[in-house]
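Structure at a glance
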Number of protein chains: 2
Amino acid sequence: MKSTVSRRDFLQALGATMGAGALIAAGSGLGMMPAPAAATTIDHGHLGRSKRRIAVLGSGISGLVAAFELQRAGHEVTVVEASHRPGGRVFTVRHGDLIDEIGNRQYCDFDDEPHLYFNAGAARIPSTHLNILRYCRELGVELEMFINESKTAWIQDDNLLGGKPVRNGEYTANLRGFMAELFAKSLTQAELDAPITEGETESLMAVIRNFGDLDEDLIYRGSVRAGYASGGFLEHGSPREAIGLHELLRSPFARQVLQADEGETGPILMQPVGGMDRIVKGFVDQLGDRIRYRAAVQAVMMKSDGVDVTYEQGGKQHQLSVDYVFNCIPTHLLTGLDNNFSAGYLQALGHIRRGEAYKGAFQAKTRFWEQEDIYGGITWVNAPIKQIWYPTHGIHRRKGIILAAYDFGHGMHFTNLTQAQRVEDMLAQGEKVHANYRQQVEKGVTIAWHRMNHMLGCAARWTDSYRDLNADEAHLMDTLIAPEGGRHFLIGDQVSRHVAWQESAVLSAHRALATFSRQLEMAA
Amino acid sequence: MKSTVSRRDFLQALGATMGAGALIAAGSGLGMMPAPAAATTIDHGHLGRSKRRIAVLGSGISGLVAAFELQRAGHEVTVVEASHRPGGRVFTVRHGDLIDEIGNRQYCDFDDEPHLYFNAGAARIPSTHLNILRYCRELGVELEMFINESKTAWIQDDNLLGGKPVRNGEYTANLRGFMAELFAKSLTQAELDAPITEGETESLMAVIRNFGDLDEDLIYRGSVRAGYASGGFLEHGSPREAIGLHELLRSPFARQVLQADEGETGPILMQPVGGMDRIVKGFVDQLGDRIRYRAAVQAVMMKSDGVDVTYEQGGKQHQLSVDYVFNCIPTHLLTGLDNNFSAGYLQALGHIRRGEAYKGAFQAKTRFWEQEDIYGGITWVNAPIKQIWYPTHGIHRRKGIILAAYDFGHGMHFTNLTQAQRVEDMLAQGEKVHANYRQQVEKGVTIAWHRMNHMLGCAARWTDSYRDLNADEAHLMDTLIAPEGGRHFLIGDQVSRHVAWQESAVLSAHRALATFSRQLEMAA
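Note that the coordinates shown come from a computational prediction; the quantities given were computed from them, not determined experimentally.

**Let's talk about helix 8 (residues 277–287) of chain B**
Among the residues making up helix 8 of chain B, those that are buried are Asp277, Ile279, Val280, Gly282, Phe283, Val284 and Leu287 of chain B. Positive phi shows up at Gly288 of chain B, right after helix 8 of chain B, with a value of about 55°.

Right, dumping it as structure tokens:
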């Protein structure tokens, strides 16, 4: 048992194992915790001042919100959707559903039961996303808790413990312990040249000791926080042997596990009971036959007194002459349509790059993870599958759907693989975590969002950092936020600072509606 | 904005504010994370070898498990319960229910709706408690997630920020930031006398920087993890101003927030849909009319060929002559019954002291916490109420039941207050956290477990530390585990190392059943 660590050990181990290791992003842009604020107020009075003909292009969340609010305000709304289904990247895959990936069309053959679904796109609603939550309340979408982080889920890294998976909680408790021990030692040393009172030292050490579960000598000797080696109920619980710091640092997960509960995964997360598309259904039920499916927009032509939208449906061209357009078509597709947008608008549209994201899922014949004390949460794997998610719902039922890969960020491993290769890859990596994984799972589905028909991209990329947009980018954003010709409102998370979240899509629609409402007010 | 901190500042602040502050226990004995292990296997073959008459005294979880398994094995089982209700400290309070606290009998007048309940005793099932989970599965008790820790819930301490509540996430992110800055500084200093390579320093600093969200200069200048001051979706998210370290350390919560996700609250927690007593109901449905209620045991007399149990029911004395007794009556009540136990057994029974615990709850007229982005989780208050729990279930419904006080540990503030005083106290403290709390809540119920009829105590106290029992205590435990006269099995969490958890109650029953099974086998 490696029970103590010198500062030098610690630094050497870090340098040896992590210097060259790539930093694995801690998540895929999970929602930060915004300041508590009220949900947006929509000025329904002004919004409905006079009836207009409005086309909403695309039925992603921003389009659905715009259509719903505009219809409610009394306008004549038509939604034009290229796909066979509404919701855009809010997509719950169930028995019989088509995954319309170009080059890899699949029909899902999960068993036909309500809890056997896969949220292939949006999957989590943070408690701080007030506006999408308000629509859940208003549309009667029942919510339940979503578990993102579980200490009993696994960390697996071929470089760590010879590839043997380790419980997240065991890994984390040990890393914290050694960190705290090192911290405590630094400060003890420091007393020599910066005299402090005995009481001060004692207080500080209590904080650090609690953080790392150090013993009274400020040494980390293992902790029951990492799990009991034996006992715990009828017998006294003995801590498991500590994993040495050198070993812990062999994995780049050292850089991320200590902040797993901070920031990105800070807020409580929720999911709609029965699938994320319950939200889509809520809107669609309100919009009724106002949505035209398999209707691909071909042209958007601005006129002095309105907008002409041309779309193809059932092999025929259709013309829609409206007063206003609310448009959530991805910008890179929009620039390819016939249009007469201004040069500045087109330049701004052309600036946005598109992100990539891949998810895969299996139906599990038994909920084998529950036999491993895992109920929800994420296993981290240092390999292209990156994550395995266990369902938060359907506890103790016979089967469940697990997310078997979530490849986000740059350089998609799975993109060019065939469906059979993708499935084999997910199986080969998953069985490093779970014995008999290959025998336990079936009916794999995969989705590369950047190859999905009518989308060909995932989150919009304005900038690669978490910093604010630079001045040029901010100018382009302003250009896209302003209604082109006073009649064409671009919406969607693509015109936000926090892409890939429903909340941003909702807020972009609300912002456009507020602008539209002011226009109507001024025109009156 | 207090953006940097010297080591000396840090230590001074700590000494000034925390030296005298009492350490507030981080929880009430929440379940540690045991080593993954299979649930107990019960040898049903031997257990049912020959039919015996068995009395189970008390219908707490251990009694119900024993009765259920013994009946299933074919024995003739009678359960004798002193109270009007089964379940012991598994007690879900709903509309019309009696809280039978001596000196403070109450009938609950919550509205009569399924989600308006209060788990006044057991409220959480950790994912690592395999045996109680197995019974949930077997009895068809539907489970849902329970949220224990929420970064959007509040911390309120009269000494901190002038008593103004602060979000848990804001407090935590700031404390981590300053801790990391101090840590990073210590190590930079250390480079001087312990040369390390540039790469090593860089790697270590990445870990520390991620932990605290330090800037590139290793300074903590506030973090969006603490919440956005503004923006976050359509506009760039700006971090809130950092709360100074001196201020953070004014509260004893500094000692506990950094390990809130460790150990005690490590595992995922769950609750039965509809109330914890669904588990009790599951057992009771199986036992049918084998349970006698309002039947107070008066004597337990060991004989050479069996046990005579005398109980009072409906003003009459009843005699029950059985072959064996499984007994979960609290030891301090058991010693007061007529008995002929051996001196050693009585001495061991007399050793166990009883813990105290108080809980209070209100019905909320609206789910005001959801308007504050809170969905489940715990607000921490440095005052006798200690905690406010928000319900994990019933999201977005009109009303909900909140736990308004959970006073555990020693020195019960609420015990000797009248019901009106208890309610007023909970209101006065709660409104320091939530504006209009007093107007928002109604129909308070309270329960002091150490004054509950037929219980008069909560968790058994074997030892005051988390250390193992000393040799004398271990001997007393052994005495109580062994069946007295080969016929009287003491069960319950009271004969475990991890009291106040259903898992321990189940395991104590399983241990007794295993011993009984071996006896039957040897007798055969």
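**Some thoughts on the pattern of salt bridges**
Per the stated rule, a full pass over the model turns up 46 salt bridges over all chains. Here Asp323 of chain A and Arg53 of chain A are joined by a salt bridge, their closest N and O atoms 3.0 Å apart. Here Asp323 of chain A is found in the loop between strand 17 (316–322) and strand 18 (324–327), whereas its partner Arg53 of chain A is found in strand 1 (residues 53–57), with 270 residues between them in sequence. A residue is classified by how much of its surface remains accessible, and Asp323 of chain A, at 14% relative accessible area, is buried. A salt bridge links Asp111 of chain B to Lys399 of chain B, with the nearest nitrogen and oxygen atoms 2.7 Å apart. Residue Asp111 of chain B is located in the loop between strand 5 (106–107) and strand 6 (118–119), and its partner Lys399 of chain B is located in the loop between strand 23 (387–389) and strand 24 (400–408); the two are separated by 288 residues in the primary sequence. Exposure remark for Asp111 of chain B: the relative accessible area of 18% places this residue in the buried category. On the basis of relative accessible area, Lys399 of chain B is assigned to the buried category, the value being 12%. Linked through salt bridges whose partners overlap, the residues forming this network are Asp111, Lys399, Glu442 and Lys443 of chain A.

**A closer look at the packing of aromatic side chains**
In this description, an aromatic ring pair is defined by two values, namely the gap between the centres and the angle between the planes. With the rule as written, the count across this model stands at 40 aromatic pairs over all chains. For the pair Phe211 of chain A and Phe211 of chain B, a centre-to-centre distance of 5.2 Å together with 50° between the ring planes defines the contact as tilted. Here the residue Phe211 of chain A occupies a position in helix 6 (residues 198–212), and Phe211 of chain B occupies one in helix 6 (residues 198–212), the pair thus bridging two chains. Accessibility classification places Phe211 of chain A together with Phe211 of chain B in one group, the buried group. Ring centres 5.8 Å apart and planes at 75° place the aromatic pair Trp389 of chain B and Tyr406 of chain B in the edge-to-face group. Residue Trp389 of chain B is located in strand 23, and its partner Tyr406 of chain B is located in strand 24; the two are separated by 17 residues in the primary sequence. In this structure Trp389 of chain B comes out as buried when scored by relative accessible area, which is 7%. Overall, Tyr406 of chain B belongs to the buried group, its relative accessible area being 11%. One aromatic cluster in this structure is built from Phe362, Phe368, Trp369, Tyr390 and Tyr437 of chain A. Cation over ring: Arg85 of chain B sits above Phe91 of chain B, and NZ or CZ is 3.9 Å from the ring centre.

**As for the sheet that holds strand 2 (residues 76–80) of chain B**
Within a sheet, neighbouring strands are paired by backbone hydrogen bonds and run either parallel or antiparallel to one another. All names here are of chain B. Within the open sheet, the five strands sit side by side as 14-2-1-18-27. Their pairing is parallel. With partners counted over all chains shown, the strands left at the sheet margins are strand 14 (291–292) and strand 27 (488–490), one partner each. Note: strand 1 (residues 53–57) against strand 18 (residues 324–327), four bridges, orientation parallel. Of the residues in strand 18, the one forming a bridge with Val56 is Phe326. Relative to strand 18, helix 14 (residues 502–523) is tilted by about 170°, and along the sheet it contacts strand 1, strand 18 and strand 27.

So, how was this worked out
Residues numbered from 1 in each chain as written. Chains lettered and ligands numbered in written order. Predicted model: local features only at pLDDT ≥ 70, side-chain atom pairs only at ≥ 80, totals over all residues. Heavy atoms only, no water. Buried < 20%, exposed > 50% of the residue type's maximum accessible area, 1.4 Å probe, protein only. Helix = DSSP H or I, 4+ residues; strand = E, 2+ residues; numbered from the N terminus. Salt bridge = Lys/Arg side-chain N within 4 Å of Asp/Glu carboxyl O. Phe/Tyr/Trp six-rings, centres within 6.5 Å; stacked < 30°, edge-to-face > 60°. Lys NZ or Arg CZ within 6 Å of the ring centre and 35° of its normal. Pairing = 2+ DSSP bridges. Contact = heavy atoms within 4.5 Å. Axes fitted to C-alpha atoms, helices over the stretch in contact; angles between N-to-C directions.

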